[in-house]
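# Descriptive structure summary
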Amino acid sequence: MAKVQQETFNPFTPEFGKVPAYFAGREQVLSDILSAFEEQTMNLCALFVGPRGCGKTALLTYLGNEASRLGWVVANVSATSGMLEDIVQRTEESASHLIAASSEKRLTGVNIAGIGGATWDAKSNTKANWRTRMNNLLERLGEADIGLLITVDEVDVSLDEMSHLVSTYQHFVRENRKVALVMAGLPFHISSLLSGKNTSFLRRAQRFELGPLASYEVEEAFRLTVEEGGRLINEEALGEAVEAIDGFPFMLQLLGYRAWRMHPDDAFLSVDDVRAGAQRAQRELEDRIFDVTYAELSRADRAFLAAMAQDGKTSRRIDLMERLGKPSGHISTYKKRLVQSGVIGETLDGDFYFALPGFKEYVERRQG
Ligand SMILES: Nc1ncnc2c1ncn2[C@@H]1O[C@H](COP(=O)(O)OP(=O)(O)OP(=O)(O)O)[C@@H](O)[C@H]1O
Ligand SMILES: [Mg+2]
């Protein structure tokens, strides 16, 4: 007879942009943004900032889904060329049950506009610029009191369409249209976006730093995720997992996923499973995060990190000055760059530490 056993499935999601079974931490950002959707706030404008793998895309996806559940029309796009057109098309798609598509109208030649009998002028549409086309859509949504949420992932200031979007958004706000704009990007990109001439208005946006997770947040989410898949984990194994994850969301998923697969049919996820999973996860983290991150660093950034790697957990400014043979100003400049790229952090005492779990060892290997 076949064993009667509850099917278990691996509940961890080590894929980029995947909404996790449980969000560890992030309570503030979730509650702030969700309540803005619930209260139908007119012009929510928010920025998510954080290093690779901290959960920016997952948050955007989750919030987009929630907004849509709460009746918003949602256009999710990435900052790549064609973004503005993509926003129009995603809006039309998401609102298709409310707004009859223009092509349909051209085909039938009949006015079948969904909302309030508004007419759609297909001819002028082809000539209209982006703002006009958006206004047209927003007009219709506005008549039905429906808001539009635009999410932009992978913010990139070098894209002209980015500043076009932001400056046009300001007009939407002035015209009292119900549009929310939520954008996510790497710290370096967001700070260049904020310092741009046409985009300085964003300095007033709500800004959420998606930093490392607290241990108790990791612990809770890890345990709940294991239980979600129909298994259990004891304190000891959980403690090991939390330590290896070191507050990094992507690692939580990678480690959990690998550990789970060691003995998927056992009732408990054991300490050994966690240890074996952590080893595999660390290698994957290197392939999928560290290599890209390291490739984006300059020669001087790398020298700075190599100097830091000679220390234990934290490095002091004075030691780095000596090792690098550079003045304090140099340290400040590179510290700022590296903090912004999410690679290092600064303690309250002004010491520096590696912010990604295992990155110090990785730097040592790359240098060696
Ligand atoms: N708060 C969280 N708790 C648990 N898992 C999370 C959390 N946030 C993200 N994850 C998981 O971490 C992984 C990375 O998330 P995501 O792809 O959203 O990161 P990202 O910041 O967009 O990275 P990148 O900058 O490389 O695009 C995904 O597998 C996701 O499910
Ligand atoms: Mg992403």
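Up top is the structure.
Notes on the structure follow. Keep in mind it's a predicted model, so treat the numbers as computed, not measured.

A few words on the site of ligand 1. Near ligand 1, the surroundings consist of 24 residues, among which Thr-13, Gly-17, Lys-18, Lys-56 and Thr-57 are the closest. Thr-13 has a polar backbone atom sitting 2.5 Å from an oxygen atom of ligand 1. Between ligand 1 and the protein, one listed contact pairs an oxygen atom with a side-chain N or O atom of Thr-57 at 2.7 Å. When the free accessible area of ligand 1 is taken as 640 Å², the share hidden by the protein chains comes to 97%. For the shell around ligand 1, the secondary structure elements donating two or more residues are α2 (56-69) and α11 (249-262). For the shell around ligand 1, the residue count by class is twelve nonpolar, six polar and six charged. Among the domains, domain 1 (27-209) and domain 2 (215-290) are the pair contributing at least three residues each to the shell around ligand 1.

One finds Phe-222, Leu-255, Phe-304, Leu-305 and Phe-359 to be the most contacted residues of the largest nonpolar core, which totals 48 residues. The residues that make up this core include at least three from each of domain 2 (215-290) and domain 3 (297-367). Judged by nonpolar contacts, the second largest core, of 38 residues, contains Val-88, Val-152, Leu-181 and Leu-193.

Moving on, we get to the environment of Leu-232. Along the chain, Leu-232 falls in strand β6 (residues 232-233). Separated by 65 residues in the primary sequence, Leu-232 and Ser-167 have C-alpha atoms spaced 51 Å apart. Leaving out residues up to four positions away in the same chain, Leu-232 has contacts with Val-226, Glu-227, Ala-267, Phe-268 and Leu-269.

On the surface, a cluster of negative charge is contributed by Glu-27, Glu-219, Glu-220 and Glu-235. Looking at where Glu-219 falls in the secondary structure, it is placed in helix α9 (residues 215-228).

Let us look at the sheet that holds strand β2 (residues 73-78). Taken together, the five strands give an open sheet; going across it, the order is β2-β3-β4-β1-β5, and neighbouring strands pair in parallel fashion. Edge positions in the sheet fall to β2 and β5 (206-209), since each has one partner strand and no second. Strand-to-strand twist across the sheet, computed as the mean angle between neighbouring axes with direction ignored, equals 15 degrees. In this structure, strand β3 (residues 148-153) lies alongside strand β4 (residues 179-185), joined through five bridges in parallel fashion. Following the sheet pairing, Ile-150 is matched in β4 by Leu-181. Taken strand by strand, α2 contacts β1 (45-49), β2, β3 and β4, and its axis lies near 170 degrees from that of β3.

As a further point, take the pattern of salt bridges. Pairs can form between side chains of opposite charge whenever their charged atoms are close. Taken as a whole, this structure holds 21 salt bridges when the rule is applied. A salt bridge links Glu-66 to Arg-69; the shortest N-O distance between them is 2.6 Å. Residue Glu-66 and its partner Arg-69 are both found in helix α2; the two are separated by three residues, about one turn of the helix. Residues Arg-207 and Glu-209 are paired through a salt bridge, measuring 2.8 Å at the closest nitrogen-oxygen approach. Through salt bridges with shared partners, a single ionic network connects Arg-131, Glu-139, Glu-175 and Arg-177.

This paragraph deals with the packing of α9 against α11. Between α9 and α11, the shortest axis-to-axis distance is 11 Å and the interhelical angle comes to 35 degrees. The handedness of the crossing between α9 and α11 comes out as right-handed. Judged by residue contacts, Val-218, Ala-221, Phe-222 and Val-226 of α9 engage Leu-252, Leu-255, Gly-256 and Trp-260 from α11. The residue makeup of the contact of α9 with α11, split by class, is seven nonpolar, one polar and no charged.

This paragraph deals with the packing of aromatic side chains. A complete count under the given rule lists 13 aromatic pairs for this structure. Centroid distance Phe-290 to Phe-359: 4.9 Å. Interplanar angle 80 degrees. Geometry classified as edge-to-face. Within this pair, whereas Phe-290 is found in helix α12 (residues 271-295), its partner Phe-359 is found in helix α16 (residues 359-367), the two being separated by 69 residues in sequence. Of the two residues, Phe-290 and Phe-359, neither departs from the other in class, the shared state being buried.

We now examine helix α13 (residues 299-309). Within α13, the full set of buried residues consists of Asp-301, Phe-304, Leu-305, Ala-306, Ala-307, Met-308 and Ala-309. Of the surrounding elements, those touching the buried residues of α13 are α14 (317-324), α15 (328-340), β8 (344-346), β9 (352-354) and α16.

Turning next to the packing of α9 against helix α10 (residues 235-245). In the contact formed by α9 and α10, the axes pass within 9 Å of each other and the chain directions differ by 125 degrees. Between α9 and α10, the interaxial angle falls into the category oblique. Handedness of the α9/α10 crossing: right-handed. Across the interface between the two elements, Ser-215, Val-218, Glu-219, Phe-222 and Arg-223 of α9 pack against Glu-235, Leu-238, Ala-241, Val-242 and Ile-245 of α10. When the residues that make up the contact of α9 with α10 are grouped by side-chain class, the tally is six nonpolar, one polar and three charged.

Reading the values: the criteria
Residues numbered from 1 in each chain as written. Chains lettered and ligands numbered in written order. Predicted model: local features only at pLDDT ≥ 70, side-chain atom pairs only at ≥ 80, totals over all residues. Heavy atoms only, no water. Near = heavy atom within 4 Å. Polar contact = N/O pair within 3.5 Å; in protein donor to acceptor, adjacent residues only side chain to side chain. Areas by Shrake-Rupley, 256 points an atom, 1.4 Å probe, with all protein chains shown as cover. Helix = DSSP H or I, 4+ residues; strand = E, 2+ residues; numbered from the N terminus. Nonpolar A, V, L, I, M, F, W, Y, C, P; charged D, E, K, R; others polar. Domains from an automatic or database assignment. Core = buried A, V, L, I, M, F, W, Y, C linked by side-chain atoms within 4.5 Å. Buried < 20%, exposed > 50% of the residue type's maximum accessible area, 1.4 Å probe, protein only. Contact = heavy atoms within 4.5 Å. Patch = residues over 30% accessible without salt bridge, like charges linked within 9 Å, V, L, I, M, F, W, Y side chains within 5 Å. Salt bridge = Lys/Arg side-chain N within 4 Å of Asp/Glu carboxyl O. Lys, Arg positive; Asp, Glu negative; His and termini not counted. Charge placed at Lys NZ, Arg CZ, Asp CG, Glu CD. Pairing = 2+ DSSP bridges. Axes fitted to C-alpha atoms, helices over the stretch in contact; angles between N-to-C directions. Left-handed = near helix turned anticlockwise from the far one by under 90°. Phe/Tyr/Trp six-rings, centres within 6.5 Å; stacked < 30°, edge-to-face > 60°. Parallel < 35°, antiparallel > 145°, perpendicular 65-115°, else oblique.

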